[in-house]
Amino acid sequence: MRSNSVLQLDDERPGLHQAAAWRDAVAPFWSFAIRREDVAEFRGRSHVQHLGNAILCRAGASGLRFTRDRALVARMGVDHILAHVRLSGRSRVEAGGAAQDCGPGDICLLDLSRPLAAQSTDYQALTVVLPRGLFGADQAMLDALHGQVIRGASPFGRMLNDHLRALDAHAPGFSERESGAAARATAVLLGAAVSGLPAAERNAQAPDGAPLLLALRRFIEAELASPDLNAETLGRQFGISRSALYRLFVPLGGVAGYIRQRRLARAYRDLAAGDGRGARISEVAYRWGFESPAHFAQAFRFAYGHAPRDVRAQGPAEAAPGRSDRIEAWGDFYDWVLKLAA
């Protein structure tokens with residue numbers, strides 16, 4: 001996708017039809033709920049620009065509740081970082097077992113590989129989506145910062161506000177090279193900001209562990225189908241002790257937990273996309289390194305709340321609602337998000 005491609009949702013008529021259009025526009029990121037009594041007056045507007053190695057969105061909507069549940073996380077299978085600055089309105093974000101309030105000027109950081117929920121008033125906001133690789137040595141730190149808020153009243157928060165607003169104002173005129181440079185600069189600023197947060201000081205891995213963690217994650221992605229993928233294999237491959245591996249993967253739920261999560265996500269995407277429609281559930285289980293269909297089904301139900309056969313039965317159309325033909329241009333948004341890379 002070339003930079004400066006734009007998707008736009010801009011309809012002045014409120015109501016159910018606008019809520020349906022909004023559902024398509026946000027489908028790669030959120031599910032949402034509107035109070036029944038508010039549907040008739042619902043409004044949602046969005047302007048999204050592809051910057052080559054980032055996505056920039058200016059949006060506004062009536063009050064609603066957003067969720068990014070485990071099924072949506074698995075279906076997308078991405079681990080991009082999303083920075084969301086409020087221009088107006090307030091929200092309460094629930095992520096990683098904690099809740100944070102976000103008001104005008106505050107910047108909320110979200111990891112799209114993890115679930116979250118948020119309750120919002122009527123709002124306007126700027127959002128930038130950045131691939132994790134763009135953060136370089138700050139990647140391990142970001143694993144521990146899902147749901148953190150950079151306060152807009154802080155000195156760095158004010159500077160980030162200025163930067164993101166300027167990015168929104170000037171991005172339409174950027175060349176492809178300038179778009180890439182602007183995205184990298186945004187990642188550097190966000191990485192510097194989160195490094196000063198108290199939670200980052202408590203929970204982030206040491207800086208010299210970040211490149212190793214990145215290499216480990218890439219190896220895991222490449223070897224997910226291998227039944228021999230485990231902590232012992234990683235230790236031999238990278239010459240690292242079990243205790244050091246454990247420390248690196250604490251923010252990601254442990255080594256075994258992370259491998260299981262990534263295997264389940266791959267299996268979910270196969271089933272939801274129809275790749276597993278003609279195959280037995282057992283074939284999908286063995287394809288992604290599970291020791292038995294029963295073990296796979298148990299882990300799948302625990303992670304996503306329903307059985308593998310339920311996802312397969314939905315078929316591709318229901319599993320990926322944002323690909324409907326109601327608004328053809330927004331069907332491309334899934335590809336923008338899935339193919340975003342540093």
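Anything mentioned here points back to the structure above.
Definitions and cut-offs
Residues numbered from 1 in each chain as written. Predicted model: local features only at pLDDT ≥ 70, side-chain atom pairs only at ≥ 80, totals over all residues. Heavy atoms only, no water. Helix = DSSP H or I, 4+ residues; strand = E, 2+ residues; numbered from the N terminus. Buried < 20%, exposed > 50% of the residue type's maximum accessible area, 1.4 Å probe, protein only. Contact = heavy atoms within 4.5 Å. Pairing = 2+ DSSP bridges. 1 Å grid on protein atoms, 1.4 Å probe; cavity = no way out; pocket = protein on both sides within 12 Å on 5 of 7 lines; lining within 4 Å. Points joined across faces, edges and corners; volume = space filled by probe spheres on them. Nonpolar A, V, L, I, M, F, W, Y, C, P; charged D, E, K, R; others polar. Polar contact = N/O pair within 3.5 Å; in protein donor to acceptor, adjacent residues only side chain to side chain. Axes fitted to C-alpha atoms, helices over the stretch in contact; angles between N-to-C directions. Parallel < 35°, antiparallel > 145°, perpendicular 65-115°, else oblique. Left-handed = near helix turned anticlockwise from the far one by under 90°. Core = buried A, V, L, I, M, F, W, Y, C linked by side-chain atoms within 4.5 Å. Phe/Tyr/Trp six-rings, centres within 6.5 Å; stacked < 30°, edge-to-face > 60°. Lys NZ or Arg CZ within 6 Å of the ring centre and 35° of its normal.

(A) Fine view of the overall build of the protein. Within the protein, the secondary structure is distributed over 14 helices and twelve strands. For the protein, the proportion of its 342 residues judged to be buried stands at 52%. Considering only intrachain contacts with a sequence separation of at least 6, the fraction spanning at least 24 residues in the protein is 74%.

(B) Inspection of the pairing of strand β5 (residues 64-68) at higher detail. Of the two faces of β5, the one lined by Leu64, Phe66 and Arg68 is fully buried and the one lined by Arg65 and Thr67 carries no buried residue. Of the pairings in the sheet, the one linking strand β2 (residues 31-33) to β5 comprises three bridges and is antiparallel in character. Bridge pairing in β5 links phenylalanine 32 to phenylalanine 66. Relative to strand β10 (residues 116-120), β5 runs antiparallel, the two sharing five bridges. Bridging from a neighbouring strand, threonine 67 pairs with alanine 117 of β10.

(C) Quick peek at the sheet that holds strand β6 (residues 81-88). In spatial order, the strands read β1-β3-β4-β11-β6-β9-β12; together these seven strands make up an open sheet with antiparallel pairing. Of all strands in the sheet, those with a lone pairing partner are β1 (6-9) and β12 (149-150), marking the two edges. In the sheet, strand β4 (residues 55-61) pairs with strand β11 (residues 123-130) via seven bridges, with the strands oriented antiparallel. Among the inter-strand pairings, cysteine 57 is bridged to a residue of β11, identified as threonine 127.

(D) How the structure looks around empty space enclosed by the protein. Using the criterion set out here, one finds three cavities of 30 Å³ or more in the structure. Within this model, the largest cavity holds a volume of roughly 390 Å³. Together, 27 residues line the largest cavity, and Trp30, Phe66, His84, Tyr123 and Thr127 are the ones closest to its centre. Secondary structure elements with two or more residues in the lining of the largest cavity: α1 (16-26), β3 (44-50), β4, β6, β7 (91-95), β9 (107-111), β10 and β11. Here the lining of the largest cavity is composed, by residue class, of 22 nonpolar, four polar and one charged.

(E) Broad picture of helix α8 (residues 231-238). When α8 is considered as a whole, its buried residues turn out to be Ala231, Thr233, Leu234 and Gly235. Regarding α8, its N-cap is asparagine 230, as a side-chain oxygen of that residue lies 3.1 Å from the backbone nitrogen of glutamate 232 further along. Looking one or two places after α8, you find glycine 239, whose phi comes out positive at around 65 degrees.

(F) Seen up close, the packing of helix α4 (residues 155-170) against helix α5 (residues 176-195). Packing of α4 against α5 brings their axes to within 11 Å, and their N-to-C directions diverge by 165 degrees. When the interaxial angle is binned, α4 and α5 end up roughly antiparallel. The interaxial crossing formed by α4 with α5 has left-handed handedness. Here Phe156, Met159, Leu160, His163, Leu164 and Leu167 of α4 lie close against α5, whose contacting residues are Ala182, Thr186, Leu189, Leu190, Ala192 and Ala193. Across the contact of α4 with α5, the residue classes break down as ten nonpolar, two polar and no charged.

(G) Molecular detail of the nonpolar core. Counting 41 residues, the largest nonpolar core has Trp22, Phe29, Trp30, Ile55, Phe66 and Phe333 as the members making the most contacts within it. Among the elements that line this core, the one with the most residues is α1, at five residues. In contact with phenylalanine 29, not counting residues within four places along its chain, are Thr67, Arg68, Leu72, Leu82, Leu112, Val129, Phe333 and Val337. Core analysis: the second largest hydrophobic core is formed by 36 residues, Trp288, Phe290, Phe296 and Ala299 among them.

(H) Region of the structure containing the sheet that holds strand β8 (residues 98-102). The antiparallel open sheet is built from five strands, whose spatial order is β2-β5-β10-β7-β8. Each having just a single partner strand, β2 and β8 make up the two edges of the open sheet. Strand after strand, the sheet turns through a mean of 20 degrees between neighbouring axes, direction not considered. Sheet analysis places β7 next to β10, joined by four bridges and oriented antiparallel. Within the sheet, the bridge partner assigned to serine 91 lies in β10 and is serine 120. Against the sheet, α1 makes contact with β2 and β5, and its axis sits at roughly 150 degrees relative to β2, the strand it touches most.

(I) View of the packing of aromatic side chains. Counting across every chain of the model gives twelve aromatic pairs. Pairing phenylalanine 333 with tryptophan 336 gives two aromatic rings, centres 6.0 Å apart and planes at 90 degrees, and the pair type is edge-to-face. Linking phenylalanine 333 with tryptophan 336, this pair stays in helix α14 (residues 332-338), spanning three residues, or about one helical turn. Here the two residues phenylalanine 333 and tryptophan 336 agree in accessibility, since each one is buried. Arginine 86 extends its terminal NZ or CZ atom over the ring of tyrosine 123, reaching a point 4.5 Å from the ring centre.

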